[in-house]
Each structure stands twice: as C-alpha cells, then as structure tokens.
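If you want the building blocks of each chain, they are given just below.
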Amino acid sequence: MNDLVTQVQATIDGPDERLNTIVGLLVKHLHAFVEEAEPTEREWFAGLDFLVETGQMCTPHRNEFILLSDMLGLTTAVDDVNHHGPANMTPSSVEGPFHSPAPTRELGDWISFGPERARATPMVVHGKVLDCDGTPLAGAVIDLWQANDSGLYDSQDPAQDLGNLRALLTTDADGHYWFRTIRPSSYPVPTDGTGGRLLKAVGRHPMRPAHLHLRVTADGYRPLTTHVFLAGDPYLTSDAAFAVKEEIICHPVRRPEGSDRWRLDGPHEEIEFDVRLVPEDWSAE
Ligand code: BEZ
Ligand code: FE
C-alpha cells in the first residue's frame, strides 16, 4: 500500500470499529482507482460536480443515488453479499424506486383498474409461498407492484389512480395466492437526471425488462424483495438495473380461451410463480 493511503488510514480511529473498517477500505479502493485511472484535475472536479448535482436531484420522493447504485450494479452486489441461503431459496433482487403503500386486496381480485385494463393482455398470476423444505406458508403477506402496459407506475401516470397495479395479498391455508392483472411492458429507468446522463454518456440504454415486484413476509422467515421477470423479453440480457436472475424468470403460458378457475372470460396469459422463503434462523452450517 502506498504511503499516502497508510497515512490517511492511520487517522481513522472513531468509536465505531465497523465504520473505521469501511472508511479505511473506501480510502484504499478510491486511491487505487485514482492511481489506475489517473484522472486530470478537470475530470476529477467534473466527477465531484456530478455528485453535487445528483444530490440536488434528490427529494423525499426521488433518490438519484439509489438509481446510480442500481445502474452501476452496486445494489445487486450489496444484495448478493447479504442474502445467502439454501440453494432452492427464491433469490432476492433490487427494490427499485417505485414501491409505495399498497391497498389490501382479496385473493383473486383484479389489481388493474386504469385504462390499461381495456387494452392490455389479461394475466393471471398464481403460486404458493413455501418454506425451502416445501412446507406451504399460510398467512404470508405479498406486497406487489408493477407498471402498466406502457411501462408507467401509478405515481408516474395521471391516468392511473394511486394504488393501481398494487396489492397486499395474504396466502390461504395452503400457502396459495393468486390475482388477476395485465401484462406489464419493459420500460426505461428515469432518464431526466444525472443517472440518465451517465447512461447516455457511456452508450448504454435505459431499459428494464418487463417485470412485477414482490415483497413477501411471513412470521419466522426473512423478508424477501424480488422480481418476477417475463421470459422472452428482449431486455432480459441487458437490464439497466442488473437485477435479472435465472430463477425469477417465468414463462407466461398463452391461453386462447377464458378460464372458469381464474374467472377470466377471454384469451389471457398465465404465470405460475412459487416463492421459497428462508427461515430467520437459517445458517450455512
Ligand atoms: C424498477 O424496477 O422499478 C427500477 C429498478 C431499478 C432502477 C429503476 C427502476
Ligand atoms: Fe419496476
């Protein structure tokens, strides 16, 4: 390690050991970055201005730093180091900026009430919430949110009431859940801030593959925030937020007829997605 890094690290001596370690490592890796990249002073200050502008974009409803973290794969990296568990657990995946409180709904309810309902492909989503040993979990709560067929969440779209395409559902005695919705489309991450400018400057597209978001909680189990991605989406291999994992890609089945079971009276798509939660006291040994 060079003298300067050692000198800076020697000054780190606060009461919180974990914080001392994190700041020490940050110093080490930032200095290594400067040594390797050799930024000019102009470039360095442009970088600092970029961070100032990123901070200025933030409001109680928008956090541009989280977006940068998502777009640089850092949110997924933090997710990966924090969520170890049995091989068959449902993997977690980034939360993104569009979660908000959802209305409680009954199993089987429609969650689409906006103009999208008349034009988009109807879809039934069903499955079970299970322990990793296959035991169904009754009373698990699924908080779900999704964009519409134009890629817009309720909070971005005056044509949707707040709470549209959102729900809080509770699994039945067999751990089963189901709801009726519409097929979401792929959409761009917000591009009107520094995050969007960075993507453009480095020649990246802003698109996310079509998905639904789930946050699943059950007593005695670790809360799980994840996505359900739709197979066949052209952006699955280049998600702007690096959140795609093989195990959470679902294959929608096209049903040309209506279904009594799912209370759908015409062509629709069906997705089956089981969620396997990890017990709170799980450990690798
Ligand atoms: C989203 O899926 O809502 C999202 C995730 C990461 C960045 C931007 C949007
Ligand atoms: Fe999303």
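A word on the domain arrangement of the protein chain
- The assigned domain composition of the protein chain is domain 1 (3–57) and domain 2 (74–277).
- Taking only C-alpha atoms into account, the centre of domain 1 sits 37 Å from that of domain 2.
- For the domain 1 and domain 2 pair, buried surface summed over both sides reaches about 400 Å², with 62% attributable to carbon and sulfur atoms.
- A per-residue breakdown of the area domain 1 buries against domain 2 is headed by F50, E53 and M57, which together make up 91% of the total.
- Linking domain 1 with domain 2 are 1 salt bridge, by the criterion used here.
- A salt bridge links E53 to R197, with the nearest nitrogen and oxygen atoms 2.6 Å apart.
- Where domain 1 touches domain 2, the interface holds 2 residue pairs in polar contact (both at pLDDT 80 or more).
- Among the residues making up the side of domain 1 that touches domain 2, the classes are represented as 2 nonpolar, 1 polar and 1 charged.

A few points about the coordination of the iron ion (ligand 2)
- Donor atoms from the polypeptide that bind the iron ion (ligand 2) are Y153 (OH), Y187 (OH), H211 (NE2) and H213 (NE2), placed at 1.9 to 2.1 Å.
- Here the iron ion (ligand 2) binds 6 donor atoms, and the angle range of 50 to 166 degrees at the metal identifies the geometry as irregular.
- Written as a sequence motif, the donor arrangement for the iron ion (ligand 2) is Y-x33-Y-x23-H-x1-H. In this structure, H211 and H213 share a single accessibility class: buried.

Definitions and cut-offs
The written sequence of each chain sets the order in which its residues are numbered from 1. Lettering of chains starts at A and numbering of ligands starts at 1, both following the order in which they are written. Only residues with pLDDT of 70 or above have their local features reported here, since the model is predicted, and side-chain atom pairs are shown and tallied only from 80 upward, although totals for entire chains, interfaces and linings are computed over all residues. Hydrogens and water molecules were not included; the side-chain quantities draw on all heavy atoms of the structure. A domain assignment, automatic or from a database, supplies the domain bounds used here. Summed over both partners, the accessible surface that disappears when two parts come together, traced with a 1.4 Å probe, is what is meant by buried area. We define a salt bridge as a contact between a side-chain nitrogen of Lys or Arg and a carboxyl oxygen of Asp or Glu at a distance within 4 Å. Under this definition, polar contacts are N or O atom pairs within 3.5 Å; protein pairs additionally need one hydrogen-donor-capable and one acceptor-capable atom, and for neighbouring residues in sequence, both atoms have to be side-chain atoms. Lys, Arg, Asp and Glu make up the charged group, whereas Ala, Val, Leu, Ile, Met, Phe, Trp, Tyr, Cys and Pro make up the nonpolar group; the residues left over, Gly among them, are polar. The rule for donors is simple: an N, O or S atom within 2.8 Å of the metal counts, and for Na, K and Ca the reach is 3.2 Å. Water is not among the atoms, so a site may look short of donors. Think of it this way: with four donors and all angles in the 85 to 135 degree range, the site is tetrahedral; with four or six donors, opposite ones beyond 155 degrees and the rest between 65 and 115, it is square planar or octahedral; otherwise it is irregular. Here the term buried applies to any residue with accessible area under 20% of the maximum for its type, exposed to any over 50%, and partly exposed to those in between, with areas from a 1.4 Å probe on protein chains only.

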